[in-house]
Amino acid sequence: SGLPNGDSMAIIALACGSHHTAVLLEDGSVWAVGIACDVPILIDRAVQLLPPGRIQLPVRQFDATFEKTVIVSGDGTDVLELRLWSSSLDTASTSLANADHDDDDNGDKLDGAGLGDVTTSPDWLEELDADVKVRSVHNGWKHTVIITD
């Protein structure tokens, strides 16, 4: 629940990772729900990870891995890695301190807190030549494979 504009905003793509689900809406925004990996808290209302207009549509890839959602822009020049939660305890603690909590029998519940962490330039992207276009990104447990044009 919690996607903007109710039924009027079309879902362009949906991706499921190990602990989260992310959706790409027709305005280019990305929203997610799931279980935080670094802080075991349920985020049960969609939180915005990416505002509209940040990534070129249509996208080449919208996929989820264990803890990331990977987006490759339509022209292959931009790659984003989005996380519903941060591995940085300082960032998570700050977000959690500002969020509404409910304690219940299933543990803490976090409603709509923004734990989003956008990496616009993954480390490996800097190693590619400027004219190289990324076709897709595939993340394993401890490795990443990048396919280029």
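My aim in this report is to walk through the structure given alongside it, one point at a time. (Residues numbered from 1 in each chain as written. Predicted model: local features only at pLDDT ≥ 70, side-chain atom pairs only at ≥ 80, totals over all residues. Heavy atoms only, no water.)

As a further point, take a nonpolar patch on the surface. Residues L3, I11 and L14 make up a contiguous nonpolar surface patch of roughly 260 Å² in combined accessible area. Looking at the element boundaries, L3 is found in the segment before β1 (11-16). (Patch = residues over 30% accessible without salt bridge, like charges linked within 9 Å, V, L, I, M, F, W, Y side chains within 5 Å. Areas by Shrake-Rupley, 256 points an atom, 1.4 Å probe, with all protein chains shown as cover. Salt bridge = Lys/Arg side-chain N within 4 Å of Asp/Glu carboxyl O. Helix = DSSP H or I, 4+ residues; strand = E, 2+ residues; numbered from the N terminus.)

Time to look at the environment of G2. Residue placement: G2 occurs in the segment before β1. With 46 residues separating them along the chain, G2 and Q48 place their C-alpha atoms 9.7 Å apart. Those residues in contact with G2 that sit more than four places away from it in its chain are W31 and A46. (Contact = heavy atoms within 4.5 Å.)

A separate point is the nonpolar core. One broad trend across soluble globular proteins is that nonpolar side chains are buried collectively. One finds V30, L49, L50, F62, I71 and L82 to be the most contacted residues of the largest nonpolar core, which totals 17 residues. Contributions of two or more residues to this core are made by β1, β2 (20-25), β3 (30-35), β4 (42-50), β5 (61-64) and β7 (79-83). When residues of this core are assigned to their parent elements, the largest contribution, four residues, is made by β4. (Core = buried A, V, L, I, M, F, W, Y, C linked by side-chain atoms within 4.5 Å. Buried < 20%, exposed > 50% of the residue type's maximum accessible area, 1.4 Å probe, protein only.)

Take the pattern of salt bridges next. This structure, assessed with the given rule, holds five salt bridges. A salt bridge links D149 to R60, with the shortest nitrogen-to-oxygen separation between them at 3.0 Å. Pair noted here: D149 is in the segment after β12 (144-148) and R60 is in the loop between β4 and β5, with a separation of 89 residues, a long-range link. Between R135 and D149 there is a salt bridge whose closest N-O contact spans 2.7 Å. Within this pair, whereas R135 is found in strand β11 (residues 134-139), its partner D149 is found in the segment after β12, the two being separated by 14 residues in sequence. You can call R135 partly exposed: its relative accessible area is 45%. On the basis of relative accessible area, D149 is assigned to the exposed category, the value being 51%.

The omega angle of the peptide bond from L57 to P58 is -5°, so this bond is cis rather than trans. Examined against the element boundaries, P58 turns out to sit in the loop between β4 and β5.

This paragraph deals with the side chain of K68. In this structure, K68 sits in the loop between β5 and β6 (69-72). Other than its neighbours up to four places away in sequence, K68 contacts H20, D63, E81, L82, R83 and N139.

Tracing the chain through its elements places S29 in the loop between β2 and β3. With residues near it in sequence (within four places) discarded, S29 still touches V23, L24, Q48, L50, P51 and P52.

Before going further, it helps to examine the pairing of β5. A regular strand places its side chains on the two faces of the sheet in alternate fashion. Examined bridge by bridge, β5 and β6 share four bridges and lie antiparallel to one another. Residue F62 lies in a different strand from β6, and its bridge partner there is I71. A loop of four residues connects β5 with β6, the two strands running antiparallel in sequence. (Pairing = 2+ DSSP bridges.)

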